[in-house]
Structure formats: structure tokens, C-alpha cells
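Letter by letter, the chains look like this.
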Amino acid sequence: MECSRQVQVVDDKQQVVSCHMKSAAFDEIQQRRSANYKANIWQYDFLQSLPTIYNGVEYTLRVENLKENVKDMFVEAKDQLAKLELIDIIRKLGLGDLFAEETHKALQTVVSSMKNNKNGEEEELYMTALRFKLLRLHGYDVSQDVFNAVSITKCSDIKGLLELFEASYLAFEGETILDEAKAFSMEALRNVYPTLDLNLAKEVAHALELPMHWRVQWFDVKWRITMYETYNKNIDKRFLELAKLNFNTVQAILQKDLREISRWWRNLRIMEGLNFTRDRLAESFLCSVGLTYEPQYSCFRKCLTKITTMILIIDDVYDVYGSIEELEQFTEAVDRWDSSKTQDLPECMKTCFQALYDITNEIAYDIQELNGWQVQALLHLRKAWAGFCKALFVEAKWYNKGYSPSLEEYLSNALISSGAIVISIHTMLSVGSTDEKIINLLGKDEDLAYNISIITRLYNDLGTSMAEKERGDAPSSIHCYAREMNVSEKEAEEHIKNMINNTWKKINGQCLNNQSHNLLPCSFVKVTTNVARMVQCLYQFGDGFGIQDRETRNHISSLLIEPINLDKTAKD
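Within every chain, residues take consecutive numbers counted from 1 along the sequence as written. Two thresholds apply to this predicted model, a pLDDT of at least 70 for residue-level local features and 80 or more for giving and counting side-chain atom pairs, whereas whole-chain, interface and lining totals are computed over all residues. Water and hydrogen atoms play no part in the side-chain values, which are based on all heavy atoms of the structure.

When you go through the protein residue by residue, the secondary structure sums to 26 helices and zero strands. We call two residues in contact when some of their heavy atoms are within 4.5 Å. Taking the intrachain contacts of the protein between residues at least 6 apart in sequence as the baseline, contacts between residues at least 24 apart amount to 75%. All accessibility values rest on the Shrake-Rupley procedure with a 1.4 Å probe; residue burial counts only the protein chains present in the view. Surface accessibility of the protein: about 27,200 Å² in total, with carbon and sulfur atoms responsible for 49%. Labels follow the DSSP assignment, with helices taken as runs of H or I lasting at least four residues and strands as runs of E lasting at least two, numbered in each case from the N terminus.

In C-alpha cells, the structure reads:
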């Protein structure tokens, strides 16, 4: 690099030193950091070639016939327990949306039966826990007082313990009986596990690995079908056939969406100049499926996929590629929504900004076309992306200065840098409300979006903190707490897990409160809550975005590529 000749230096030696320092700074920018992400494993031609036969009329007609059969089962289920078990099976097999009306009526009957039970007749813990779980999941304000702390500790029935364990994860803040129920049932299940037959052992292991309430429901359907088919010989075969056909027909729609979004991605050609970032189109689409798999949300899924790819790319611009000076310019460009502010930046950063600019404008246009031109969609989306980039820039400055914030300071910024607010704004405008007041309040005052954002960052940190520490990234919540409290990283991890548990309690309460008072659109609440579940799924076994060939690859194969074999059900 040539030195500036405009400033005269008396001492020639000093001039040489000055030139050397500038050259070193230049070389440092040129020798960019690397996260060593592997190349994309899902090739375009493969995604375009995914075949399906389950979009034919004959399968649609068969599904409709089987739906009528299952509706008859609601009529046949006379007693309260039969109704509850029917609803539970339907939910576990991913059929809840097909029988929403029947489920609602059945649960109303169950609530009436509870009110009419004036004598408080004793019942098995299994039924109490199952009823509590299903009523809370469907928005009924059922009290923890249906449980008796003494009777809980006397339970030895495995089915009862399993339902009690699952029900305990629906607790609100301050529900101590459910805290006791969780601790007792967890220990009891762990102790009895070695003595169980294979069927129950698998059920218990599955629950202890992750409770149902924290799982992405659609991702669990195949496992449930296999369990019912293999071990529950008494289950009505029509259930299994309907569940399989429903899964395969939904998968056919998802494959169509994936083919379309992969064509968009290839035509965009953004990755040709970005060798530092993650090429994760299939994984981004998987995330959109985790948030909303329902067939009617194809357009929204493709929108979510575009958003997620941009979150990943921009996150890598700040974490891996840009110098602090470049990032300051990039942040200003996004804040002002002005491409002229990127003129002095490397070509790849210009490309990133232009892609963000074009994609956001397109999404805003689609939202306004759908919801009315009076909606200021672009204004809200720009504001969300600007906030995201500013928060990432704060983290970049922390890294640059070697600064370790307190956990409170870290999480205050992570509320935005997690990317969940960006997704929440897009979700609200796309499938929720266009009310300016509601949109402007998202992420404020510890509302639902706020808690989802915090839990998103905490899950992410648990899965990626080790890899980020090895490559010298800014501190995670684990490292911030460990340093602040002078404890080991293991103790810090336990603290973060407790924070996740407590945040879920807040989310549970907010979801029920919303259903009671209609504060937010139900579609928005459902999608936003699934953000927490999807992030947990991605980072449960490490970095699900950075590393493709582990659990994330299995999810993509299972949910988007491999249909369920119908032959066995047909023969039965």
C-alpha cells in the first residue's frame, strides 16, 4: 500500500513506521476472519427433482372420507376420558387443525363435566393431568389447584407420571404445585426407566429429552405415527391412515414451496460473491415450516425463508467479515435505507445491502397489496432491519474492544440482535394485524415478542457458545454470566437453562391471557411462539445452521423429502 505523501514527516524512520502501520491495518482487513462454514449440501438440481404423488385428487378424496370417520368417533366417545384421549391422539398425529371444531365442542363438554362434579369425586392422576394439559393448551383458564401436592407424590402409574410431567411444562409464574410436580415426575421417570418395556421406555426417553410443549409439533408427527403403529395395536387403523395421508399431502405442498423458493435463491445469485457466509436455503425453509406448516401459508413460508436467509447473511457480515469501520458504514446505510452509503464498502457488502433492500421492498409491496395500501409496511420493515443491524454493531464493538458486558446489558441488546423481532414484525404484518399501535409495541415491556426474543438468544447461545468462543467471537450469555458471577461455565449454563424455563412460564401466561382478552391475533401468537420451539430444535444438539450434516439434515430428509410408506397400513 502506498503511503500518503500529503503530510511531510521530518524523520524518515518515523515515515517508514507510519507506512508500515497503515499497511498492517490494510492487511488485517484483507485477511478476513473465517467461521469455516462448510459448503451447502442441498444442491439445486436435487431440490428441483423431488417427486411426489400425493397431490392427486384420489388422495384428497380419501382424506375427506377418513375425516368423516374420525368425526364419528367424537360422537362415539361418551365419557370424559374417552374424549380427552381422542383429542390427545389427534393432536399428537398432527390432525388438530382438521378437527378444530369437534375438539372445541368436546372440551366444552369436559369443562361442563368438571363444573357438575360438585362432590369432587376422586379420579386418577392420569386423567387429571391429561385434562389439565389439553385445556391449557387450548386456552382454558384451568387452575393448578386441580392437583394435590400430596397425591402427586404418591403416584406410581407410568401413564400418570408421563402426563403429569408434560402438564408441568404448561405452568405459569408462581405455580409452585406444578414446579413440585415437575421435579417429582422427572425423578420418578428417571428412576423407573430401566425397568420399563421397550414401548414405555421410548415414550419416557422421548419426554425426558424434550417435553411436547417445547417441541415443534409437526416435526414430531412421524415419530408418533411410528410409535402408535408399532406398539399400540388397539388404535383404530383409520387414524393411522389419515395421519399418514395428511402428512404426505402436506409434504407435497411443502416440496412445491421448496422448489419455488430454491429457484428464487438460485436466480438471486447472491452467494456467488459471498464465500464467508452460510448458504443455508433448505435450513431456512425448514425454519419456516417449523413456524407454520399449514398448506394455506405457502406465501408466508416463502417470505419467512427469504427473511431467514438474510438474517444469516447479515449476521455473518457483522460476526465474521466486516471491519468496525465498514460495519459502521453498513449500519448507517441500513438505517437510512440508502445504497449510496455503501459505495466505499467491499463489493460483497454492497451485494448484501442491495439484496436486503430489494427483498424488503418486494415483501412490503406484497403485504400492502394483500392488506391495503394504507399500511406503512416498508416503514416498519426498514425500522426492524435497522434495529437488528444496530444491535449487531453493538456486539461488533464489544468484540473489537474486548469488552465483556453484564448479562443484563447483553440481553438488553440481544433482544434485538437475536433476529426474533425482525421475524415478529414480518409475521404481524403478514398474518396478524396492521394496527400501527400493536406493531410499534412489539418487543416492548416484556410482551410475548420480547420473551420469544430472549429465549431465542438463550437457546442459540447454548448451542453455539463453544464454537464462537473457539473462533474468538463476542461473549455469549453463558460467558457473560460466568465472568460476572465468577462461576464455572457449567454453572452458567445451568443458570441460562433456568432462565429459559422461567421465560417459558411467562410465555405460557401471555398466551393464555391473549386467548382470554384477544390482545393479539391468534395466528401471530401461534407463529411467534413456534419461533422459540424452532430455535430450540435447531440448537438442541449444537449449531443447526452452521453444521448441516447432523439433526438438521435428518429433519429436512424426514419432513421434506421422505414420505411415509402407506403399504403397512393398507395391509392391516
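That shown, we press on.
Let us look at the side chain of Ser-453. With respect to the element layout, Ser-453 can be found in helix 21 (residues 448-470). Taking the relative accessible area as the measure of exposure, Ser-453 reaches 0% and is therefore buried. Apart from the residues lying within four places of it in its own chain, the contact partners of Ser-453 are Leu-415, Ser-418, Ala-420 and Ile-421. Categorising residues by exposure relies on relative accessible area from a 1.4 Å probe, with only protein chains included: less than 20% of the type maximum marks a residue as buried, more than 50% marks it as exposed, and the intermediate range marks it as partly exposed.

This paragraph deals with unusual backbone geometry. A positive phi angle, near 55 degrees, is found at Arg-269, a position not held by glycine. Among the secondary structure elements, Arg-269 is positioned in the loop between helix 12 (237-268) and helix 13 (281-291). In this structure, Trp-337 takes a positive phi of about 55 degrees despite not being glycine. On the secondary structure map, Trp-337 appears in the loop between helix 15 (324-336) and helix 16 (347-371). You can call Trp-337 buried: its relative accessible area is 9%.

Another point: the pattern of salt bridges. In a structure, side chains of opposite charge can pair up when their charged atoms sit close to one another. Counted as salt bridges are all cases of a side-chain nitrogen of Lys or Arg within 4 Å of a carboxyl oxygen of Asp or Glu. A full pass over the atoms with the stated rule returns 29 salt bridges. We note a salt bridge from Asp-236 to Arg-238, for which the minimum N-O separation is 2.7 Å. With relative accessibility at 26%, the residue Asp-236 sits in the partly exposed group. Residue classification places Arg-238 among the partly exposed residues on the basis of a relative accessible area of 31%. Residues participating in the shared-partner salt-bridge network are Asp-88, Lys-92, Lys-133 and Glu-163.

One turn of an α-helix holds 3.6 residues; hence residues three or four places apart share an orientation. Between its terminal C-alpha atoms helix 14 (residues 298-321) stretches 33 Å, which fits the 34 Å expected from 24 residues at 1.5 Å a residue. The element helix 14 is extensively covered by neighbouring structure, given that 23 of its 24 residues are classed as buried. By this rule the span expected of a helix is its residue count minus one, scaled by 1.5 Å.

It is worth spelling out the packing of aromatic side chains at this point. Pairing of aromatic rings covers Phe, Tyr and the six-membered ring of Trp, with a centre-to-centre limit of 6.5 Å; geometry is then stacked below 30 degrees between planes, edge-to-face above 60, and tilted otherwise. For the structure shown, the criterion picks out 18 aromatic pairs. On the numbers, 6.0 Å between centres and 80 degrees between planes, the contact of Tyr-318 with Phe-330 is edge-to-face. Of the two residues, Tyr-318 is situated in helix 14 and Phe-330 in helix 15; the sequence distance between them amounts to twelve residues. A residue is classified by how much of its surface remains accessible, and Tyr-318, at 4% relative accessible area, is buried. Taking relative accessible area as the criterion, Phe-330 reaches 0% and is therefore assigned buried. Where Trp-385 meets Phe-388, the ring centres are 5.8 Å apart and the plane angle is 75 degrees; that geometry is what we call edge-to-face. Here Trp-385 and its partner Phe-388 are both found in helix 17 (residues 377-401), three residues apart, which amounts to about one turn of the helix. When sorted by exposure, Trp-385 lands in the same class as Phe-388, which is buried. Within the aromatic cluster, the residues linked to one another by ring pairs are Tyr-318, Phe-330, Trp-337, Phe-353 and Tyr-357. Looking at Arg-136, its charged tip hangs above the ring of Phe-172, at a distance of 3.7 Å from the centre. Should the NZ of a Lys or the CZ of an Arg lie within 6 Å of a ring centre and within 35 degrees of the ring normal, that charge is described as sitting over the ring. For the cation-ring pair, Lys-159 lies above Tyr-126, with the distance from its terminal atom to the ring centre recorded as 4.4 Å.

By size, the foremost hydrophobic cluster in this structure holds 178 residues, and its most contacted members are Phe-147, Trp-218, Phe-239, Ile-314, Phe-330 and Trp-385. These domain boundaries are the output of an automatic or database domain assignment. Structurally, this core is a two-domain feature, drawing no fewer than three residues from each of domain 1 (76-241) and domain 2 (269-561). Grouping buried Ala, Val, Leu, Ile, Met, Phe, Trp, Tyr and Cys residues that are joined through side-chain atoms within 4.5 Å yields what is termed a nonpolar core.

Okay, the side chain of Ser-262 next. Of note, Ser-262 is situated in helix 12. By relative accessible area, which is 3% here, Ser-262 ends up buried. Two N or O atoms count as a polar contact when they lie within 3.5 Å, although within protein this holds only if one can serve as hydrogen donor and the other as acceptor, and sequence-adjacent residues are included solely when both atoms are side-chain atoms. Among the polar contacts made by the side chain of Ser-262, one reaches the side chain of Gln-48 at a distance of 2.6 Å.

In this structure, Asp-279 sits in the loop between helix 12 and helix 13. Along the chain, Asp-279 and Trp-265 lie 14 residues apart, while their C-alpha atoms are 10.0 Å from each other. Here the side chain of Asp-279 touches Trp-265 through a polar contact of 3.0 Å, side chain to side chain.

Let's shift gears to the state of the cysteines. Any cysteine sulfur atom paired with another within 2.5 Å is treated as part of a disulfide. Scanning all chains against the criterion turns up zero disulfides. Free cysteine: Cys-352, not disulfide-bonded; nearest cysteine sulfur from Cys-348 at 6.0 Å. The thiol sulfur of Cys-511 is not disulfide-bonded, and the nearest other cysteine sulfur, from Cys-522, lies at 9.8 Å.

Next up on the list: the environment of Asp-197. Tracing the chain through its elements places Asp-197 in the loop between helix 9 (176-192) and helix 10 (198-209). From its side chain, Asp-197 meets the backbone nitrogen of Asn-199 in a polar contact 3.2 Å long.

Below, the discussion takes up helix 8 (residues 158-168). For helix 8, the tally of buried residues reaches ten of eleven residues, placing the bulk of the element in the interior. Listing the buried residues of helix 8 in full gives Ile-158, Gly-160, Leu-161, Leu-162, Glu-163, Leu-164, Phe-165, Glu-166, Ala-167 and Ser-168.

This next bit is on the confidence of the model for the protein. In low-pLDDT regions, the fine details of the predicted coordinates are not to be read closely. A score between 0 and 100, pLDDT records how confident the predictor is in each residue. On average, the protein scores 88 in pLDDT, and the residues at 70 or more come to 90%. At the low end of the mean pLDDT range in the protein sits helix 1 (residues 12-30), at 39; at the high end sits helix 15, at 97. Overall, residues 1-30 carries pLDDT values under 50, and its contacts beyond four positions in sequence, including any with other chains, amount to ten contacts.

Take the packing of helix 6 (residues 125-137) against helix 8 next. Each pair of packed helices can be described by the angle between their axes along with the distance between the axes. Where helix 6 meets helix 8, the axes come as close as 8 Å, and the angle between the chain directions of the two elements is 25 degrees. Accordingly, the angle class assigned to the pair helix 6 and helix 8 is roughly parallel. Considering only the axes of helix 6 and helix 8, their crossing is left-handed. Residue-level contacts link Leu-125, Tyr-126, Ala-129, Leu-130, Phe-132 and Lys-133 of helix 6 to Lys-159, Gly-160, Glu-163, Leu-164, Glu-166 and Ala-167 of helix 8. When residues are sorted by character, Ala, Val, Leu, Ile, Met, Phe, Trp, Tyr, Cys and Pro go into the nonpolar class, Asp, Glu, Lys and Arg into the charged class, and all the rest, Gly among them, into the polar class. Taken together, the residues that form the contact of helix 6 with helix 8 break down as seven nonpolar, one polar and four charged. Every axis corresponds to a line fitted to the C-alpha atoms, with the helix fit spanning only the stretch in contact, and the corresponding angles, defined between N-to-C directions, vary from 0 to 180 degrees. The cut-offs work like this: below 35 degrees is roughly parallel, past 145 is roughly antiparallel, 65 to 115 is roughly perpendicular, and the gaps in between are oblique. Here is the rule for handedness: rotate from the far helix to the near one, and if that takes an anticlockwise turn smaller than a right angle the crossing is left-handed, while a clockwise turn gives right-handed.

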